[in-house]
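Notes for the structure review
Now for the letters of each chain:
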Amino acid sequence: EAGVTQFPSHSVIEKGQTVTLRCDPISGHDNLYWYRRVMGKEIKFLLHFVKESKQDESGMPNNRFLAERTGGTYSTLKVQPAELEDSGVYFCASSHPGAPGANVLTFGAGSRLTVL
Amino acid sequence: SQQGEEDPQALSIQEGENATMNCSYKTSINNLQWYRQNSGRGLVHLILIRSNEREKHSGRLRVTLDTSKKSSSLLITASRAADTASYFCAVGLSTGFQKLVFGTGTRLLVSP
C-alpha cells in the first residue's frame with residue numbers, strides 16, 4: 001500500500017508569506033495527525049483528525065495555523081502569515097481506526113519549512 | 001511539559017557492537033513506542049510496549065519498560081551501519097487514538 005505522502009518536501013518563504021502543506025494519509029486511515037519538529041527540539045503534537053473532524057487541536061501554536069481535512073481524505077496545514085519561529089519540519093501521520101492499529105502511527109517524510 | 005527524554009543525545013559505535021538508548025518520561029502512560037528516523041525520511045515505527053509489559057523483543061531490538069522508574073530502554077544488538085539513524089521514544093497517554101509525546105531523540109552512528 002502507498003504510505004503517507006507529504007507535499008512539498010521543502011518550502012522556503014519569507015516572513016509574512018503564506019504556505020500550505022498537504023498530507024495524503026494511507027487510504028482507510030481515519031486518524032490523521034500533524035506534528036512539528038523545530039530544529040534540535042522534540043517532535044510536538046499539533047492536532048488530530050478523525051475523518052474530517054478535529055478531535056484535538058490543543059497543540060496548534062496560535063491562530064496563524066489552520067488545518068483542514070476535506071471529506072476526511074487529505075489534509076492541509078496553512079500557516080498565514082508565517083513567522084521565523086515557524087521554521088521546522090512538519091510531519092503528518094495516520095493510523096488505522098481500530099485498536100490495536102490505532103496505536104501505531106505511519107509517518108510521512110515531512111515537509112521542511114524555512115521562513116526567512 | 002516534555003515527556004520522553006532520550007539519553008544519550010548522541011551515540012557512536014562500531015559495527016557489531018550493541019547500542020543502548022534510554023528514555024524517561026513523567027506521567028502515567030498507556031504505552032511507549034520507539035521510532036527511527038533516517039536522514040530526510042519520516043519516522044518508522046519500531047516497537048510498542050504496553051504499560052503492563054516489562055520487556056519486548058523484535059529481531060535485534062529489545063525494549064524494556066520500568067513504570068516504577070518511568071523509564072524505558074532500547075537495545076540494538078549486533079549493530080549494522082544501516083542502523084545509523086535518530087531514534088525517538090514516544091509515550092502514548094491513552095488507548096485508541098495516539099497523541100504521542102516525543103522526546104528529542106538519540107542520534108546513533110554505526111561505523112563500518
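Residues numbered from 1 in each chain as written. Chains lettered and ligands numbered in written order. Predicted model: local features only at pLDDT ≥ 70, side-chain atom pairs only at ≥ 80, totals over all residues. Heavy atoms only, no water.

In this structure, the largest pocket spans a volume of roughly 690 Å³. In terms of lining residues, the largest pocket is bounded by 30 residues, among which Arg37(A), Met39(A), Val89(A), Arg112(A) and Gln37(B) are the most central. Examining the composition of the lining of the largest pocket, we find that four residues originate from one element, strand 11 (residues 111–115) of chain A, more than from any other. In the lining of the largest pocket, the residues fall into nine nonpolar, 17 polar and four charged. (1 Å grid on protein atoms, 1.4 Å probe; cavity = no way out; pocket = protein on both sides within 12 Å on 5 of 7 lines; lining within 4 Å. Points joined across faces, edges and corners; volume = space filled by probe spheres on them. Helix = DSSP H or I, 4+ residues; strand = E, 2+ residues; numbered from the N terminus. Nonpolar A, V, L, I, M, F, W, Y, C, P; charged D, E, K, R; others polar.)

What follows is about the state of the cysteines. Residues and elements named next belong to chain B. Taken as a whole and judged by the stated rule, the model has two disulfides over all chains. There is a disulfide in this structure between Cys23 and Cys89, and the S-S distance comes to 2.0 Å. Residues Cys23 and Cys89 share a disulfide whose torsion about the S-S bond is about 65°; that sign makes it right-handed. Of the two residues, Cys23 is situated in strand 3 (residues 19–24) and Cys89 in strand 9 (residues 85–92); the sequence distance between them amounts to 66 residues. A relative accessible area of 0% places Cys89 in the buried class. (Disulfide = S-S within 2.5 Å. Buried < 20%, exposed > 50% of the residue type's maximum accessible area, 1.4 Å probe, protein only.)

All names here are of chain B. Taken in spatial order, the five strands line up as 1-3-8-7-6 in an open sheet, and their pairing is antiparallel. Looking at which strands have only one partner, the edges of the open sheet turn out to be strand 1 (5–7) and strand 6 (55–58). Mean inter-strand twist for the sheet, computed between neighbouring axes without regard to direction, equals 20°. Looking at chain direction, strand 6 and strand 7 (residues 61–66) are connected through four bridges and run antiparallel. Paired with Lys56 across the two strands is Val63, which belongs to strand 7. (Pairing = 2+ DSSP bridges. Axes fitted to C-alpha atoms, helices over the stretch in contact; angles between N-to-C directions.)

Attention now moves to the side chain of Arg69(A). All names here are of chain A. As for its placement among the helices and strands, Arg69 is situated in the loop between strand 7 (65–68) and strand 8 (75–79). With no salt bridge to any partner, buried Arg69 finds its closest opposite charge in Asp30, at an N-O distance of 5.6 Å. A distance of 3.0 Å separates a polar atom in the side chain of Arg69 from the backbone oxygen of Lys51. With sequence-adjacent residues up to four places away left out, Arg69 is seen in contact with Pro25, His29, Asp30, Asn31, Leu32, Phe49, Val50, Lys51, Glu52, Tyr74 and Ser75. (Lys, Arg positive; Asp, Glu negative; His and termini not counted. Salt bridge = Lys/Arg side-chain N within 4 Å of Asp/Glu carboxyl O. Polar contact = N/O pair within 3.5 Å; in protein donor to acceptor, adjacent residues only side chain to side chain. Contact = heavy atoms within 4.5 Å.)

As for its position among the elements, Leu100(B) is in the loop between strand 9 and strand 10 (101–102). For the pair Leu100(B) and Asn31(B), spaced 69 residues apart in the sequence, the C-alpha separation amounts to 9.5 Å.

Time to look at the packing of aromatic side chains. The description of two aromatic rings rests on the distance between their centres and on the angle between their planes. Applying the stated rule across the entire model yields ten aromatic pairs over all chains. For the ring pair Tyr33(A) and Tyr35(A), a centre distance of 6.3 Å and an interplane angle of 35° mean the geometry is tilted. The residues Tyr33(A) and Tyr35(A) share a single accessibility class, namely buried. Seen in terms of ring centroids, Phe91(A) and Phe107(A) are 6.3 Å apart; in terms of plane orientation they differ by 80°. Their pairing is edge-to-face. Of this pair, Phe91(A) sits in strand 9 (residues 88–95) while Phe107(A) is found in strand 10 (residues 106–107), placing the two residues 16 residues apart along the sequence. Across the pair, Phe107(A) and Phe91(A) agree in class, each one buried. The rings of Tyr33(A), Tyr35(A), Phe45(A), Phe91(A), Phe107(A), Tyr35(B), Phe88(B) and Phe102(B) are connected pair by pair, giving a single aromatic cluster. Sitting over the ring of Tyr74(A), Arg22(A) keeps its end group 3.8 Å from the ring centre. (Phe/Tyr/Trp six-rings, centres within 6.5 Å; stacked < 30°, edge-to-face > 60°. Lys NZ or Arg CZ within 6 Å of the ring centre and 35° of its normal.)

Read these as geometric descriptors, not functional statements.
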